[in-house]
Amino acid sequence: MATFLYKVGRLAFRRRHYVALLWIALLTLAGVGAASAPAAGASSFSVPGTEAQKAFDLLEQRFPGMSADGATARVVFKAPAGEKLDTGANKATVERTVKDLGDGSEVVSVADPFKGKAVSKDGTIAYASVKYKVSGMELKDASKDALTDTAEQARKAGLTVEVGGDALTATPETGSTEIIGIAIAAVVLVITFGSLLAAGFPLLTALIGVGIGVSTITALASALDLGTTTSTLAMMIGLAVGIDYALFIVSRYRAELAEGREREDAAGRAVGTAGSAVVFAGLTVVIALVGLAVVNIPMLTKMGVAAAGTVAIAVLIALTLIPALLGYAGKKIKPTGQKSKLLGGGRAKAAEKSARPNMGTRWASFVVRRPLAVLLLGVIGLGAAAIPAASLELGLPDDGSQPTSTTQRRAYDLLSEGFGPGFNGPLMVVVDAKDSKTPKADVTTVTDKIKALKDVTTVTPASFNKDGDTATITVVPDSKPSSVTTEDLVHGIRDAGAQVKADTDSSVLVTGTTAMNIDVSQKLNDALIPYLILVVGLAFLLLIVVFRSILVPLKAALGFLLSVMAALGAVVAVFQWGWLSGLMGVEETGPVMSMMPIFMVGVVFGLAMDYEVFLVTRIREAHVHGEKPSQSIVTGFRHSARVVTAAAVIMIAVFSGFISSSESMIKMIGFGLAIAVFFDAFVVRMAIVPAVLALLGKRAWWLPKWLNRILPNVDVEGEGLRELDSKDSDPDEDRELVRA
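Calculation rules
Residues numbered from 1 in each chain as written. Predicted model: local features only at pLDDT ≥ 70, side-chain atom pairs only at ≥ 80, totals over all residues. Heavy atoms only, no water. Phe/Tyr/Trp six-rings, centres within 6.5 Å; stacked < 30°, edge-to-face > 60°. Helix = DSSP H or I, 4+ residues; strand = E, 2+ residues; numbered from the N terminus. Buried < 20%, exposed > 50% of the residue type's maximum accessible area, 1.4 Å probe, protein only. Lys NZ or Arg CZ within 6 Å of the ring centre and 35° of its normal. Salt bridge = Lys/Arg side-chain N within 4 Å of Asp/Glu carboxyl O. Core = buried A, V, L, I, M, F, W, Y, C linked by side-chain atoms within 4.5 Å. Pairing = 2+ DSSP bridges.

Caption draft 1: Inspection of the packing of aromatic side chains at higher detail. Here the structure, examined in full by the defined rule, presents 8 aromatic pairs. Considering the side-chain rings of Y127 and F419, the 5.3 Å spacing of their centres and the 90° angle between planes classify their relative orientation as edge-to-face. Here F419 lies in helix α14 (residues 407-419) and Y127 lies in strand β3 (residues 125-132), a separation of 292 residues in the sequence. Residue class for Y127 comes out buried when judged on its relative accessible area of 13%. For R16, the ring lying beneath its charged end belongs to F13, and the centroid distance is 5.4 Å.

In structure tokens:
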């Protein structure tokens, strides 16, 4: 592979005009496609196999036009101090608001609080329920605007009016720190390369790759039902790996120049060596993202596949566009250790400084001398950080986790004040009595069993469909939707339903937003172990091929699991326990988002393997070329520690920008990814990895002879390039590459 990629790099360097035009054409084509494609709404959300989804599907069949999964909104009214809502002008304002709410084209029904007994006992708080034809993710902006405008008119009349429910989604505000994070990334690149031009290449190529990927997703969004959220993950991951991959190749190019190679040959060797590491690092990311399909949530699968496509584009750009841009830059890109004149290059002191051992060399030498102490310190430290993960509670965020500045959170609090916390998460019980001879009696039995359960505040009378074979019962819990008590109630109703099923011919299903959240959390939790086995197992096999070793891939996988557990522990400590919650801007502690563990495994695994492949490949390269194990560790760190550190700092800065978001879910993702990259890059890869390699010595590269014979030789370390000289390739090289 190294020889083939060497030819690719030289060809791209020499034919840079064609390569640049090709990528510009692809970017233009994707942009035109995105601009001309029909606007895509949010993707439809379904969770096949869950009881809540089965109940939704049943309601669609038995209650035509009901829109069981349609969006709902609760417009909550509160009278001024000392007044009530059911008298005088206040009542007139509420009735007028209810009438206005029913004018929308997507509105199915609006429940009058005075007719539906939706007024608190003291008469100060009431709510109007609005039902829509489509789900909250498919609701048009015009319907949302009409909802907020109607509420504002009622406020002007003197009432306190807030809107809750899934019909109105708050727009996340990321704040200025996201911009600061990108600025930090630019500064780190300048410091790493000592050149504004070299620093600009990773940012430029990453933006081109993300532009092509996101534009393609936008162009296909309507046809493939990708939705507006799919491009978010693709953009974040594409930007991350795009910068990393370009950073690795540009850094290796400068190192080759420092060894006295011609620029075209240096570009070829950079792509042949660092490019090989980029290919396999990219494959691990693709495996992690495509592997999300095992969860069997269509929206999550589409997000993973789309992000994997963006990663593939980032790999291709790094292998072709980077050497082309290096060809354009010419002598403006300096060898390693030299800076541009603008940043102080060419001075005698700078030359003397570059002759001294760098930080990576000094750190690796220290670890090699004290490997056991470093290993124990790293493992114990990460183990201590992982302790809170033992108390991990999973759930999906509701309006109660929103900032107090949002209308959703204020509506949530008003409903809790007037009707109890469980009123924010009612459960819908569906009784399928189609095969029963006594449907009404069966429904009465179900109702009585539910009333006998703990944590039940209200059970509404059953509502039958036209055929009289299916009924719905609304159950209001006593506790808030995201509580463990409410989850226990859902399981209790389902257990009671199983008993009813055994005694009669009627089936009992529990659905609603709260039940769906519980089912999704359980589905994600159940998929975590299979996902880990799939992703880590495939990557383990891939790394065996890359490193031709059993122990090195095993160490990589175990180190990754340790860093992920430590990061989850930190997330639990901040968002569930409330440690440093004020500093992080966490207004409401509660369960960790159920998608967080599997999301962190997928994303962090990909980034961790980037650092692992690039760092250890450099160490193996030195070892294959004849250096002793301890010396190869120092050599590998001398060439790659600075780059890996820069890549990690950039990722931490970018992810940290999301911590300032007003949306608790985005805040949690930003913090979790940032702390996970910190643990994995600086504790696992920069400390535990060299310590383990130093302790293992030559045994680190042990591989059974029978396995060595059957494994393909991918030559990631570039051993085949030693047979090539630094001169230009033969004139027929281009045709050989085409035939290859």
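Now that the structure has been shown, we can carry on.
Caption draft 2: Inspection of the pattern of salt bridges at higher detail. One pass over the full model with this rule turns up 18 salt bridges. For the salt bridge of R155 with E152, the shortest nitrogen-to-oxygen distance reads 2.9 Å. Here R155 and its partner E152 are both found in helix α5 (residues 141-156), 3 residues apart, which amounts to about one turn of the helix. Judged by its relative accessible area of 34%, E152 is partly exposed. Between E612 and K555 there is a salt bridge, with its nearest N and O atoms 2.6 Å apart. Taken together, the positions of E612 in helix α20 (residues 596-624) and K555 in helix α18 (residues 551-576) put the pair 57 residues apart, joining distant regions of the chain. Residue E612 shares its accessibility class with K555, and that shared class is buried. Here the salt bridges share partners, and the residues they tie into one network are R252, E256, E259, R261, D265 and R269.

Caption draft 3: The arrangement of the nonpolar core in detail. Among the nonpolar cores identified, the biggest contains 174 residues, and Y245, I249, Y253, F560, Y611, F671 and L673 are the most heavily contacted of them. V130, Y132, A151 and V161 belong to the second largest nonpolar core, which has 23 residues in total.

Caption draft 4: Quick peek at the pairing of strand β9 (residues 470-477). With 7 of 8 residues buried, β9 is to be regarded as a mostly interior element. Note that strand β6 (residues 427-432) and β9 share 6 bridges and pair antiparallel. Within β9, the residue paired with V431 across the bridge is A471. Pairing between strand β7 (residues 456-459) and β9: 3 bridges, direction antiparallel. The partner of V456 across the bridge, within β9, is P477. Sheet topology note: the strand β8 (residues 463-464)/β9 ladder contains 2 bridges and is antiparallel. The partner of S463 across the bridge, within β9, is T472. Linking two consecutive strands that pair antiparallel, namely β8 and β9, is a turn of 5 residues; a positive phi of about 70° is found at G468 within it.

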